[in-house]
Amino acid sequence: RHGAGKGEDSFKTSPFHLDLWFYFTLQNWVLDFGRPIAMIILPLEWFPLNKPSAGDYFHMAYNVITPFLLLKLIERSPKTLPRSMVYVSIIMFVMGASIHLVGDSVNHRLIFSGYQHHLSVRENPIIRNLKPETLIDSFELLYYYDEYLGHSMWYIPFFLILFIYFTGCFTPVAEESRMPVAALLLVGPSSLYYWYLVTEGQIFILYIFTFFAMMALVMHQKRKGLVLDSNGLFLFYSFIITLLLIAGWVAWLWNDKILRKKYPGVIYIPEPWAFYTLHMNNLHAAKESL
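Because the structure is predicted, anything quoted here is derived from the model rather than measured.

**Examining the nonpolar core**
Next up, step 1: Ranked by internal contacts, the top residues of the largest apolar core, which has 64 residues, are Trp21 and Phe166.
Next up, step 2: When residues of this core are traced back to their parent elements, those giving at least two are α2 (18-41), α3 (54-75), α4 (83-109), α6 (134-166), α7 (181-201), α8 (204-223), α9 (230-252) and α11 (272-289).
Next up, step 3: Look past the residues within four positions of Phe166 in its chain and what remains in contact with it is Met214, Leu217, Val218, Leu228, Gly232, Leu235 and Phe236.

In structure tokens form, the structure reads like this:
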């Protein structure tokens, strides 16, 4: 397949990859979104604070399964794609996700000690009283590896691979530009996960640039008489719905003064876990006091 010429690539088509997109959606929800939830709801005595949590094992599985699924997705592309770029992206993805595993593990375990994600590292009550004060710098370094370096090395390759795959999702056959029922059923859960990925990962700039690149490519290919196939439509519509979900999330929390303080920049997109520690934790505490 990868030895085919460019002319032949232009007329190849792919059926909707129900198995891959289903596995992607399932493992994203269980292994990524579900890992902090598993860490919180499972008994603490099963996973002591000085040992990896259940969420850490979820993360380890995610770091192995996701690169495999991305490679399988690239293999099914009807177009010859740049292998070197794909392999380097996969390597960076694994490195970034592994860095994030360590930082995220410690940061989420700090919740049990009273750490509040809606506050900065230095503003957290359990951090600001540490002695010597250089320990605070160490926690800020941990936060940097988790939220900045880890996220960048994780998400940039992830979105790059999706875009590389997207470039091969065009067909000259208009009848193939439709989504099957299975795709329509998966587009909702897929979009909701991307909303979580963008908001919790604080990667709106990366997401929106990828989305704009997709739109530009669609318009460029349309002038050539090419349209998106079912897989391309699935990705494109997932990104569109994700943008609508992000807009609704921001509008809902637009007047939240505390979250505004933590996210003071021009782009205001609160993290779901910051919302949880600010509002839902207080709700749980109020119920327990009754």
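After that view, the rundown keeps rolling.
**Describing the side chain of Asn231**
Next up, step 1: If you trace the backbone, Asn231 turns up in helix α9.
Next up, step 2: The class for Asn231 is buried, based on a relative accessible area of 0%.
Next up, step 3: Among the polar contacts listed, one links the side chain of Asn231 to the side chain of Trp21, at a separation of 2.9 Å.
Next up, step 4: In contact with Asn231, not counting residues within four places along its chain, are Ser14, Pro15, Phe16, His17, Trp21, Tyr165 and Cys169.

**Focus: the packing of aromatic side chains**
Next up, step 1: Scanning all chains against the criterion turns up 33 aromatic pairs.
Next up, step 2: Measuring from ring centre to ring centre gives 5.9 Å for Phe159 and Phe239, while their planes differ by 80 degrees; the resulting arrangement is edge-to-face. Here Phe159, found in helix α6, pairs with Phe239, found in helix α9; they are 80 residues apart in sequence, far enough to count as distant.
Next up, step 3: Relative to Phe170, the ring of Phe166 has its centre 5.8 Å away and its plane inclined at 75 degrees; by these criteria the two rings are edge-to-face.
Next up, step 4: What makes Phe166 buried here is its relative accessible area of 0%.

**What to know about the UniProt feature "transmembrane region" (unreviewed entry) in the chain**
Next up, step 1: Using the residue numbers shown here, the UniProt feature "transmembrane region" (unreviewed entry) corresponds to residues 20-42, 57-74, 86-103, 154-174, 181-197, 203-220 and 232-254.
Next up, step 2: Each end of residues 20-42 is marked by a C-alpha atom, and these two atoms are 30 Å apart; helix forms 96% of the span and strand 0%.
Next up, step 3: Within the segment residues 57-74, helix and strand shares are 100% and 0% respectively, and the terminal C-alpha atoms sit 26 Å apart.

**Remarks on the pattern of salt bridges**
Next up, step 1: With the rule as written, the count across this model stands at 7 salt bridges.
Next up, step 2: The residue Arg35 makes a salt bridge to Asp32 at a minimum N-O spacing of 2.9 Å. Within this pair, Arg35 and its partner Asp32 are both found in helix α2, separated by 3 residues, close to a single helical turn.
Next up, step 3: Under the relative-accessibility criterion, Arg35 is labelled buried at 7%.
Next up, step 4: In this structure, the salt-bridge partner of Glu123 is Lys261, at a minimum N-O distance of 3.9 Å. Of this pair, Glu123 sits in the loop between α4 and α5 (125-128) while Lys261 sits in helix α10 (residues 257-262), and the two are 138 residues apart along the sequence.
Next up, step 5: Judged by its relative accessible area of 32%, Glu123 is partly exposed.
Next up, step 6: Taking relative accessible area as the criterion, Lys261 reaches 64% and is therefore assigned exposed.
Next up, step 7: Among the charged side chains, a salt-bridge network with shared partners connects Asp32, Arg35 and Asp104.

Each value, and the rule that gives it
- Residues numbered from 1 in each chain as written.
- Predicted model: local features only at pLDDT ≥ 70, side-chain atom pairs only at ≥ 80, totals over all residues.
- Heavy atoms only, no water.
- Core = buried A, V, L, I, M, F, W, Y, C linked by side-chain atoms within 4.5 Å.
- Buried < 20%, exposed > 50% of the residue type's maximum accessible area, 1.4 Å probe, protein only.
- Helix = DSSP H or I, 4+ residues; strand = E, 2+ residues; numbered from the N terminus.
- Contact = heavy atoms within 4.5 Å.
- Polar contact = N/O pair within 3.5 Å; in protein donor to acceptor, adjacent residues only side chain to side chain.
- Phe/Tyr/Trp six-rings, centres within 6.5 Å; stacked < 30°, edge-to-face > 60°.
- UniProt positions renumbered as here; feature names shortened; annotations may be inferred.
- Salt bridge = Lys/Arg side-chain N within 4 Å of Asp/Glu carboxyl O.

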